[in-house]
Amino acid sequence: MAHIPVLMKETLDILKPQDGDRILDCTFGGGGHTRAILDASNCYVCAIDRDPDAEKRALAVKQSYGSRFDFIRAKFSDIADLFTEWQKFDSVLFDFGISSFQVDEAERGFSFQKEAKLDMRMSKDGISAYDVVNTFSEKELADIIWTYGEEPRARQIAYEIIKSRKVTPIETTTQLADIVREKAKSPAMIKKYSKIDAATKTFQAIRMFVNDELREIKEALEKLPKLLNNGAKIVTISFHALEDRVVKNWAKTAKHYIVPMSKSVIKPTTEEIFLNPRSRSAVLRGFWYNELGDEKRK
Ligand SMILES: C[S@@+](CC[C@H](N)C(=O)[O-])C[C@H]1O[C@@H](n2cnc3c(N)ncnc32)[C@H](O)[C@@H]1O
């Protein structure tokens, strides 16, 4: 299934791409937002993604838009090293999390609904979900599942993982999901979990840990100002309260030069959620970059 870009209209309403603008899309994915931005004006977009498969999809965009588009395979925490001070941007977009391509391709090992070897690495390198599940200590596993999944049964799940892997390594997504479901369900939790699979939080936690997702966001946002022209617009789309918390904390710490566009967040309409259920937890924030800072603005 193709990836349906989330909060597309709202993103364009904020970025308002103008002819000649230089726009940085830090999360290319399937290029949905990138294409819409390129179609909205005669602007230039540089897109980043850490996933080698995204790089293949970017070739098609390059063919259609030529010199108006470039792609760099990189982690967005490395943005400060990718551009010189003459390559600043007028707008930046972050659409966090994973794409439908990553979830739907069973062999990437992200989805508990599809049988595959445990993996979950966006960059296809480094430590995998298999390594975490089969080599980390019970305490480390419990901490990960609690911290990144906010799973109340983290300890019991970690205990069960250790017990199972002593018998045989936990090789696949469905193997792990079955172990987790067994422990994550209790009569008290049934109501809470009635709408989502009991394995959801544990899978999300392991994915966030494997890809170091929160540190990635924090580092990228901290490095961002170096790349921005004065008055640049920044859009973040978070799918999880933990991601959004990193954005909020950054905006608070950087409040002298990062100006929120509104006090409230933008969420998908009922219609968008109906058409694209994946959008239901999305939260969009818009900011301006004020290079002069509070002092010089007075
Ligand atoms: C939600 S998808 C973006 C979808 C895209 N906006 C579209 O319309 O197709 C998020 C993408 O960001 C990438 N990503 C996540 N964390 C990243 C990071 N730290 N550095 C670079 N890319 C990252 C993922 O690989 C994924 O392709």
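Placed above this text is the structure.
Only a predicted model underlies this, so the values are computations on that prediction, with no experimental measurement involved. (Residues numbered from 1 in each chain as written. Predicted model: local features only at pLDDT ≥ 70, side-chain atom pairs only at ≥ 80, totals over all residues. Heavy atoms only, no water.)

Q: For this particular structure, what's the right way to read empty space enclosed by the protein?
A: Rolled over the atoms, a probe as big as a water molecule pinpoints where empty space is left. Counted according to the given criterion, the structure contains 1 cavity of 30 Å³ or more. As for the largest cavity, its lining consists of 29 residues, of which Thr 27, Asp 49, Asp 95, Gly 97 and Met 122 are closest to the centre. Only α2 (32–40), β2 (44–49) and α12 (213–223) provide two or more residues apiece to the lining of the largest cavity. In terms of residues, the lining of the largest cavity owes the most to one element, α12, which gives 3 residues. Considered class by class, the residues forming the lining of the largest cavity number 10 nonpolar, 10 polar and 9 charged. (1 Å grid on protein atoms, 1.4 Å probe; cavity = no way out; pocket = protein on both sides within 12 Å on 5 of 7 lines; lining within 4 Å. Points joined across faces, edges and corners; volume = space filled by probe spheres on them. Helix = DSSP H or I, 4+ residues; strand = E, 2+ residues; numbered from the N terminus. Nonpolar A, V, L, I, M, F, W, Y, C, P; charged D, E, K, R; others polar.)

Q: Could you clarify how one ought to interpret helix α8 (residues 154–167) in this entry?
A: An α-helical segment advances 3.6 residues per turn. Residues three or four places apart therefore align on the same side. For α8, with 14 residues, the first-to-last C-alpha span of 21 Å sits near the 20 Å given by 1.5 Å per residue. Listed as buried for α8 are Ala 154, Ile 157, Ala 158, Glu 160, Ile 161 and Ile 162. (Expected span 1.5 Å × (residues − 1). Buried < 20%, exposed > 50% of the residue type's maximum accessible area, 1.4 Å probe, protein only.)

Q: What's the story with the site of the ligand in this structure? I'm lost.
A: Contacts to the ligand come from 25 residues, most closely from His 33, Asp 49, Phe 76, Asp 95 and Glu 216. Residue Gly 30 places a main-chain N or O atom 2.9 Å away from an oxygen atom belonging to the ligand. Note that a nitrogen atom of the ligand is positioned 2.8 Å from one of the side-chain N or O atoms of His 33. Here the ligand has 600 Å² of accessible area as a free molecule, and 99% of this is covered by the chains. At a threshold of 2 Å from the grid points, most atoms of the ligand map onto the largest cavity. The residue inventory of the shell around the ligand, partitioned by class, reads 8 nonpolar, 10 polar and 7 charged. (Near = heavy atom within 4 Å. Polar contact = N/O pair within 3.5 Å; in protein donor to acceptor, adjacent residues only side chain to side chain. Areas by Shrake-Rupley, 256 points an atom, 1.4 Å probe, with all protein chains shown as cover. Sits in = over half its atoms within 2 Å of the grid points.)

Q: Help me understand the side chain of Thr 173, please; the structure alone is not making it clear to me.
A: Position of Thr 173 relative to the elements: it lies in helix α9 (residues 173–184). By relative accessible area, Thr 173 is classed as buried at 0%. Within the structure, Thr 173 has its side chain in polar contact with the backbone oxygen of Lys 114 (distance 2.6 Å). When residues no more than four places from it in sequence are discounted, the contact partners of Thr 173 are Gly 109, Ser 111, Phe 112, Lys 114, Glu 115, Ala 116, Leu 118 and Phe 203. (Contact = heavy atoms within 4.5 Å.)

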